[in-house]
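Listed below are the residues making up each chain.
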Amino acid sequence: MIILVVNTGSSSLKYQLFDMDKKEVLAKGLCERIAEDGHMDYKAGDKTVFDKDIALPNHGVALQYVIDALTDSEYGVIADMNDINAVGHRVVQGGHLFNKSMVITPEVEEAIDRFSVLAPLHNPPALVGIRACKQVLPNTTQVAVFDTSFHQTMPEESYLYPIPMEYYEKYQIRKYGMHGTSHRYVTERCVELCGKDRSELNIITCHLGNGSSITAVKNGYCYNTSMGMTPLDGLIMGTRTGTLDPSVVSFINEQTGMSASDVISMFNKKSGLLAVSGISGDVRDISKAAAEGNHRAQIAREMLLKSVRHFIGAYAAEMGRVDAIVFTAGIGENDIDLREKVCGSLEFMGVKIDAEKNNTRGKETEITAPGATVRTFVIPTNEELMIAIDTEALAGE
Ligand code: AMP
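Reading the values: rules and limits
Residues numbered from 1 in each chain as written. Predicted model: local features only at pLDDT ≥ 70, side-chain atom pairs only at ≥ 80, totals over all residues. Heavy atoms only, no water. Near = heavy atom within 4 Å. Polar contact = N/O pair within 3.5 Å; in protein donor to acceptor, adjacent residues only side chain to side chain. Helix = DSSP H or I, 4+ residues; strand = E, 2+ residues; numbered from the N terminus. Buried < 20%, exposed > 50% of the residue type's maximum accessible area, 1.4 Å probe, protein only. Lys, Arg positive; Asp, Glu negative; His and termini not counted. Salt bridge = Lys/Arg side-chain N within 4 Å of Asp/Glu carboxyl O. Contact = heavy atoms within 4.5 Å. Arc of directions from axis to C-beta. Axes fitted to C-alpha atoms, helices over the stretch in contact; angles between N-to-C directions. Parallel < 35°, antiparallel > 145°, perpendicular 65-115°, else oblique. Left-handed = near helix turned anticlockwise from the far one by under 90°. Pairing = 2+ DSSP bridges. Phe/Tyr/Trp six-rings, centres within 6.5 Å; stacked < 30°, edge-to-face > 60°. Lys NZ or Arg CZ within 6 Å of the ring centre and 35° of its normal.

**Quick look at the site of the ligand**
So, step 1. Every residue close to the ligand is listed here: Gly209, Asn210, Asp282, Val283, Arg284, Ala329, Gly330, Ile331, Asn334, Asp335 and Arg361.
So, step 2. In the model, an oxygen atom of the ligand is placed 2.8 Å from a nitrogen or oxygen of the Asn210 main chain.
So, step 3. Val283 has a polar backbone atom sitting 3.0 Å from an oxygen atom of the ligand.
So, step 4. If you list the elements that add at least two residues to the shell around the ligand, you get helix H10 (283-291) and helix H12 (329-334).

**Concerning unusual backbone geometry**
So, step 1. A positive phi is found at Arg33, a non-glycine position, where the angle reads about 55°.
So, step 2. Along the chain, the position of Arg33 falls in the loop between strand S3 (24-32) and strand S4 (39-44).
So, step 3. Positive phi values are uncommon outside glycine, yet Ala35 reaches one of about 70°.
So, step 4. By the secondary structure assignment, Ala35 is in the loop between S3 and S4.

**Quick word on the side chain of Asp41**
So, step 1. By the element assignment, Asp41 lies in strand S4.
So, step 2. Buried charged residue Asp41 carries no salt bridge. Nearest counter-charge: Lys43, at 4.5 Å.
So, step 3. Engagement of the side chain of Asp41 in a polar contact is seen with the backbone nitrogen of Leu30, the distance being 2.9 Å.
So, step 4. Setting aside residues no more than four positions away along its own chain, Asp41 makes contact with Tyr15, Lys28, Gly29, Leu30, Phe50 and Asp51.

**Regarding H10**
So, step 1. Val283, Ile286, Ala289 and Ala290 are the residues of H10 that are buried. Looking down the long axis of H10, one finds its buried residues gathered within 130° of arc, a one-sided arrangement. Opposite its buried face, H10 presents the exposed residues Arg284, Lys288 and Ala291, each directed more than 90 degrees away.
So, step 2. Buried residues belonging to H10 abut helix H9 (272-277), helix H11 (295-319) and H12.

**Some points on the packing of H10 against H11**
So, step 1. The geometry of H10 relative to H11 is characterised by a closest axis approach of 8 Å and an angle of 125° between their N-to-C directions. Looking at the two axes, H10 sits oblique to H11. Relative to H11, the crossing made by H10 is left-handed. Together, Val283, Ile286, Ser287, Ala289 and Ala290 of H10 and Ala297, Gln298, Ala300, Arg301 and Leu304 of H11 make up the contact between the two elements.

**So, the pairing of strand S12 (residues 324-328)**
So, step 1. With five of its five residues buried, S12 lies for the most part within the structure.
So, step 2. With five bridges joining them, strand S9 (residues 203-208) and S12 adopt parallel strand pairing. Following the sheet pairing, Thr205 is matched in S12 by Val326.
So, step 3. Bridging between S12 and strand S14 (residues 375-378) involves four bridges; their strand directions are parallel. Residue pairing across strands places Phe327 opposite Val378, the latter belonging to S14.

**Some details on the sheet that holds S9**
So, step 1. Ordered by their spatial adjacency, six strands build an open sheet running S11-S10-S9-S12-S14-S13, and the pairing between neighbours is mixed. Every other strand in the sheet has two partners, leaving strand S11 (221-225) and strand S13 (365-366) as the edge strands with one partner each.
So, step 2. Docked against the sheet, H11 engages S9, strand S10 (212-218), S11 and S12, running at close to 15° with respect to S10.

**Description of the packing of aromatic side chains**
So, step 1. Counting across every chain of the model gives seven aromatic pairs.
So, step 2. Between Tyr42 and Tyr75, the ring centres sit 5.7 Å apart and the planes meet at 50°, which makes this aromatic pair tilted. Of this pair, Tyr42 sits in strand S4 while Tyr75 sits in the loop between helix H1 (59-70) and strand S6 (86-91); the two residues are 33 residues apart in sequence, bridging distant segments of the chain.
So, step 3. Classification of Tyr42 as buried rests on a relative accessible area of 0%.
So, step 4. Where Phe98 meets Phe146, the ring centres are 4.6 Å apart and the plane angle is 5°; that geometry is what we call stacked. Placement of Phe98 in the loop between S6 and strand S7 (102-103) and of Phe146 in strand S8 (residues 141-146) is noted, with a sequence separation of 48 residues between them.
So, step 5. Overall, the relative accessible area of 6% leaves Phe98 in the buried class.
So, step 6. Connected via pairs of aromatic rings, a cluster forms that spans Tyr42, Phe50 and Tyr75.
So, step 7. Lying across the ring of Phe50, Lys52 places its NZ or CZ 4.2 Å from the centre.
So, step 8. Positioned over the ring face of Tyr159 is Arg174, at 3.7 Å from the centre of the ring.

**Overview of the packing of helix H7 (residues 247-256) against helix H8 (residues 260-269)**
So, step 1. Their axes nearest at 9 Å, the elements H7 and H8 cross at an angle of 120°. When the interaxial angle is binned, H7 and H8 end up oblique. Seen along the crossing, H7 lies across H8 with a hand that is right-handed. Two secondary-structure elements touch here, H7 through Val248, Val249 and Ile252 and H8 through Ala260, Val263, Ile264, Met266 and Phe267.

**What about the environment of Leu127?**
So, step 1. Within the fold, Leu127 resides in helix H3 (residues 123-136).
So, step 2. A residue is classified by how much of its surface remains accessible, and Leu127, at 3% relative accessible area, is buried.
So, step 3. Between the alpha carbons of Leu127 and Thr8 there is a distance of 8.4 Å; along the sequence they are 119 residues apart.
So, step 4. With residues near it in sequence (within four places) discarded, Leu127 still touches Glu109, Ile112 and Asp113.

Here it is, written out as structure tokens:
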């Protein structure tokens, strides 16, 4: 089966075409600066065929260019657009309705629209992508894979906020969690690598990238996660605060006259590691400056380590037993020193990693040392593949 995976942002459209029988990515690329000056790249296999500025007035035009490239007689990878059996879309927010991926019916589309209020930066572009695909590929099954669905198994004591119940009942204000497709992918890989039934495993999955979240997976299913109603909560991130006292919002408002939404925007875009270091939100820049003796960069790095330890420790205590820890995403897969320092402080709970095995970047590796009671893994995330697998399963039904 041939599956097109589409991840639409407000001005971008990322795509990958999978041959599910061969478990192969046939082509992939990115259309960006849509409705601005326009840019597109296209790789067939691992080879970049083109990378060029091109007018992309809207997502529909971008998608048409994607189809044109995929079916091009010279460098295309399929003969005809009807060779695409189904399209899988990444959708960030599925609210409380979707605990699994769904074929996109008018009702599902309407619900994605309704949940835009909870993900104003993400759901509207996903809808634009879905509608563009419907136009360009009207007869092809479309599937929505929700970032929130993996977290729908959280019990009430994890997802409810301790505020008057009417806010939950009337406005669905609660913890939803994010990066669910990534947490699910690495959980499933970890279960396979452990060779046990998922119900026997308590896993802590650490998705550490520009946005970061940590999830407690109890008996194979999400029990708690560090992001909240929005992706602002939890760990310190590149430009996001993570958890802080909400009174800070009204205090800044009173002191400076900044509106609540401007303060939240500042918390999302100008805070976190960027604000503390004063240098960058990129961990590579921060680590380099810290190594050169920059004090603020050193504090930023320490805050990141502390934040990761904090959630691992909290979730270990909540679950009562940990069988495995997984590191994934840009920082989790690549930052050898972070893994060493975080795991080094978790020896009291049976975590022990092997320095040599830990000397790895972006490769699926077990880094556990002999004598450990908790297994530790680096597992590169693959959200696109997870979306393709779900799409194939639903399209084949
Ligand atoms: P992501 O959002 O998953 O693409 O991750 C982006 C983050 O990964 C950025 O903060 C990068 O600094 C970080 N990152 C990427 N490569 C490395 C590396 N080799 N060492 C440390 N951090 C890295």
